[in-house]
Each structure stands twice: as structure tokens, then as C-alpha cells.
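# Per-entry structural report
Below, each chain spelled out in residue letters.
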Amino acid sequence: MFVGELVDRSGRVARDLRVSLTDRCNLRCSYCMPAEGLAWLPTDQTLTDDEVLRLLRVAVERLGITRIRFTGGEPLLRKGLERIVEGAAALRGASGRPELALTTNGLGLDRRSAALRAAGLDRVNVSLDSLDRERYARLARRDRLPDVLAGIAGAERAGLTPVKINSVVLRDCNEIDVVPLAEFCLARGYQLRFIEQMPLGPAGQWVRDELVTADEVLALLSERFELTPAVEPRGAAPAALWRVAPDDSQPGGVLGVIASVTQPFCAACDRTRLTADGQLRSCLFSRTETDLRGVLRSGGSDSDLASVWAESQWKKPRAHGIDEVGFTPPARTMSAIGG
Ligand code: SAM
Ligand code: SF4
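Here's a quick rundown of the structure. Since the model is a prediction, treat every value here as computed from it, not as a measurement. (Residues numbered from 1 in each chain as written. Chains lettered and ligands numbered in written order. Predicted model: local features only at pLDDT ≥ 70, side-chain atom pairs only at ≥ 80, totals over all residues. Heavy atoms only, no water.)

### Some words on the site of ligand 1
Around ligand 1 sit 17 residues, and of these Tyr-31, Gly-73, Glu-74, Ser-127 and Met-198 come closest. Contact between ligand 1 and Gly-73: a nitrogen atom at 3.0 Å from a main-chain N or O atom of the residue. For ligand 1, whose free accessible area comes to 540 Å², the fraction covered by protein is 96%. Where the shell around ligand 1 is concerned, the elements lending two or more residues are β5 (99–104) and β7 (164–168). When grouped by side-chain class, the residues that make up the shell around ligand 1 number 5 nonpolar, 10 polar and 2 charged. (Near = heavy atom within 4 Å. Polar contact = N/O pair within 3.5 Å; in protein donor to acceptor, adjacent residues only side chain to side chain. Areas by Shrake-Rupley, 256 points an atom, 1.4 Å probe, with all protein chains shown as cover. Helix = DSSP H or I, 4+ residues; strand = E, 2+ residues; numbered from the N terminus. Nonpolar A, V, L, I, M, F, W, Y, C, P; charged D, E, K, R; others polar.)

Right, dumping it as C-alpha cells:
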């Protein structure tokens, strides 16, 4: 029987599994998906709920995974989500039950939060790039801001806390939202993370020189708030955290910036990824994948699945190389990889 850890040739150990449950989405965020024309994965290639649960069990029981994050596409579009969460919550590895989180755009989260909490989900990250309805609709290409805000409030009510908010800042678009988003989150005790835009959207859309960097976001925040570094060093956590001093109009708290492009955290990366069609990716930017679905559907044992996963993770690239000459982004968009 294969029992071990997901170690790679640079000595990193993966503990954090990102599982994409679908490549479909009900938004079309401009930095993630094209407005139209993206082909969905065929249903017969998508892992069933039982197949996902089997791979989660192998990951937790045999490969040392301690944190599972469900993502997509939009994971709330997956009908079996509550059942998958319940199954994952029943798993036990060497260090006990895995932590379970969900990254979502928040649409419908108000109606699903209580059931997800009851199924065993611990936390949510909700993506929110603007509090201005018109700008939100432009960025997400859908006029759904009120539904997202209802979803965030629903998650908080259900105890899916601390609620984390993810924001991507785009040049000449939503820089104006940086401070209002921070005020909104600080006032409610939500943990906000600004993420640098990565070259994972529609082909040809990402321009390095137009990137709004984490430093620029920090400069915008510093004009309004008194910031001091909250945690040093940041370790495997991608976000550099900043403590915000309280003032007359907000209670203070912590904010994060994720400088995936300008200050990559590859050396401390502890992630492994599984796509909705059962392909393993050791890195968000991998250009090659390992077909775990094929092993699963051809009758592979748990031990076979674990060995194939371990072998694939061993080859994890040392770094994503976005800033290097000759960098080529992966063929899949973020929505089909699982962010
Ligand atoms: N649909 C869910 C959501 O939006 O939260 C989950 C999937 S989405 C791909 C996961 C995260 O990736 C979101 O926070 C989104 O903002 C982020 N994301 C998508 N495309 C990105 C890009 N090109 N660069 C940086 N972050 C991106
Ligand atoms: Fe959908 Fe999330 Fe991508 Fe937006 S970021 S298009 S919500 S998958």
C-alpha cells in the first residue's frame, strides 16, 4: 500500500489540494473567461461525485493532504456539492479531518450556506471586485452585484467564517474600488485579499506592463489607512498581510495582498490541483497534466492512484516563470483550471 506525502524535487510538500468541481460559470469575469465561445468539458469526461470523493480519500488518507478547497468555474453550480463536502468532512488523515473551504462568486450562496455549513464546510472566499453595480457588471459581464452581497451576508450568518473576500484589480477599471472594498470588509470583519492579475484569462488579454501591482494597491491603501506588516515572514501563505490601524470610521483589522506575479511565492508553494475532468496539475501554470481519471476509470487501485499522483507532484516546476523570457501561459483559462 502506498502511504506517503506529496513531495517534489525541490523539497516542497503539498498539503493543500484545490479541486475544481466544474469549468462552468454564471459570470464571465474579463480576466478569467472570454465573453463567449469557451467550450465546456463534455459531461462524460467530468468526474462524478463518487469519483471526486474517492480521489479526496486517497489524497487525505495516503498523501498527507490536510486542506481542501473546492473551486471551479463556479463550484455552487455543481449539484452534488453538499454531498461532496459531507463526504470530505468524514475523511480522516494522519492529522485528523481536513479543513474544507470554498472559493465562489457568491451567486446563490445565501440559499446554500446553511446546508454547506451543516455538511461540514469551514470557510468561504467570495470574489468581489467592485461595490459599484455598474463597474461590477462591466467586470463580471453580468449585473449580479446585489446577489453577491446577499451571498456574502448569508455565508456570515451561517457561520462560514472568517469570510474572506478576493479582489482582482485591473488598470483603468477598478483601482477606484480598492479603498471602498477595504472599508466594506474592515467594517464587517471580512478578510480582504487583493490578487495580482495573472496571465490565465482569455488568450492575448494579459499585458505585463499594464498589471496593477501589489505595491500599487498598497500605495492606494496607504493614502487612506495606517498600515503595518502583520506577519513576517509569510511562509507558505500567498498573502502578505497588513494590519490596519482603527480610526473614526473603521475598526481596524487585517488586509492582504497577493503578489503572485511581482513577488512569486513558488518556493513555499504547498499546493496540488485536480481539474473537474480528473487531470492533476502540480502548478497553476503547468503546461502538462497527469491523467488521473484514466487511472481511475481503468480500474486502478487506491495505491495506483496515490503513486501516479506522487510521481506527478514530484515533477512540480520550481517556479511559474511568468517574468521570464519565453513564458507561455497554459492552454486552459483559470475557469477551467480551478483558481
Ligand atoms: N468562480 C469562483 C470565484 O470567482 O471565486 C471560483 C473560481 S475563480 C477561477 C477563483 C479565483 O480566481 C477568484 O477569486 C478569481 O478572482 C481569481 N482569478 C480568476 N482569474 C484570475 C486571473 N487571471 N488572475 C488572478 N486571479 C484570477
Ligand atoms: Fe466565473 Fe470565478 Fe472566473 Fe469570475 S473568476 S468568470 S466567477 S470562474
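Next comes the rest of the description.
### What to know about the packing of helix α1 (residues 49–63) against helix α2 (residues 81–89)
Relative orientation of the contacting elements α1 and α2 amounts to 25°, with a least axis distance of 10 Å. Relative to α2, α1 is oriented roughly parallel. Crossing geometry of α1 relative to α2 is assigned as right-handed. Across the interface between the two elements, Asp-49, Asp-50, Val-52, Leu-53 and Leu-56 from α1 touch Arg-83, Ile-84, Gly-87 and Ala-88 from α2. Looking at the contact of α1 with α2, its residues break down into 5 nonpolar, 1 polar and 3 charged. (Axes fitted to C-alpha atoms, helices over the stretch in contact; angles between N-to-C directions. Parallel < 35°, antiparallel > 145°, perpendicular 65-115°, else oblique. Left-handed = near helix turned anticlockwise from the far one by under 90°. Contact = heavy atoms within 4.5 Å.)

### Quick look at helix α9 (residues 302–314)
Residues lying three or four places apart along an α-helix face the same way, a consequence of the helix completing one turn every 3.6 residues. Here α9 is 13 residues long and its end C-alpha atoms lie 18 Å apart, about the 18 Å a rise of 1.5 Å per residue gives. Asp-302, Leu-305, Ala-306, Trp-309, Ala-310, Ser-312 and Gln-313 are the residues of α9 that are buried. Along the axis of α9, the buried residues cluster in a sector spanning 165°; they form a single face. (Expected span 1.5 Å × (residues − 1). Buried < 20%, exposed > 50% of the residue type's maximum accessible area, 1.4 Å probe, protein only. Arc of directions from axis to C-beta.)

### Some points on the packing of aromatic side chains
Two measures describe an aromatic ring pair: the distance that separates the ring centres and the angle between the ring planes. Enumeration over the complete set of coordinates arrives at 1 aromatic pair. Ring centres 5.9 Å apart and planes at 65° place the aromatic pair Phe-184 and Tyr-190 in the edge-to-face group. Of the residues examined, Phe-184 reaches a relative accessible area of 14% and is grouped as buried. For Tyr-190, a relative accessible area of 7% puts it in the buried group. (Phe/Tyr/Trp six-rings, centres within 6.5 Å; stacked < 30°, edge-to-face > 60°.)

### A short note on the sheet that holds strand β9 (residues 227–229)
Reading across the sheet, the 12 strands line up as β9-β10-β11-β8-β7-β6-β5-β4-β3-β12-β13-β14 and stay open at both edges, with mixed pairing between neighbours. Lying at the two open borders of the sheet, with one neighbouring strand each, are β9 and β14 (290–291). Pairing of strand β4 (residues 67–71) with β5, which is carried by 4 bridges, proceeds in the parallel orientation. Each bridged residue has a counterpart across the sheet, and for Ile-68 the counterpart in β5 is Leu-100. The strands touched by α2 within the sheet are β4 and β5, with β5 carrying the most contacts at an inclination of about 155°. Packing of helix α6 (residues 178–188) onto the sheet brings it into contact with β7, β8 (191–195), β10 (240–244) and β11 (253–258), and relative to β8 it is tilted by some 155°. (Pairing = 2+ DSSP bridges.)

### Describing the side chain of Arg-293
With respect to the helices and strands, Arg-293 occurs in helix α8 (residues 292–297). Among buried Asp, Glu, Lys and Arg side chains, Arg-293 stands out as unpaired, with Asp-277 the closest opposite charge at 4.3 Å. Engagement of the side chain of Arg-293 in a polar contact is seen with the backbone oxygen of Asp-277, the distance being 2.9 Å. Residues contacting Arg-293, with those up to four places away along its chain left out, are Gln-45, Leu-47, Asp-277, Gly-278 and Gln-279. (Lys, Arg positive; Asp, Glu negative; His and termini not counted. Salt bridge = Lys/Arg side-chain N within 4 Å of Asp/Glu carboxyl O.)

### Quick word on the pairing of β5
Note on strand geometry: in a regular strand, side chains alternate between the two faces of the sheet. Within β5, 5 of the 6 residues are buried, leaving the element largely enclosed by the surrounding structure. On the question of chirality, the crossover connecting β4 to the parallel β5 by way of α2 is right-handed. Pairing geometry for β5 and strand β6 (residues 123–127), over 4 bridges, is parallel. Across the sheet, the residue bridging to Ala-101 is Arg-123, located in β6. A crossover connection joins β5 to the parallel β6 through helix α3 (residues 109–119); in handedness this β-α-β unit is right-handed. (Right-handed = clockwise from strand over helix to strand, strands pointing away.)

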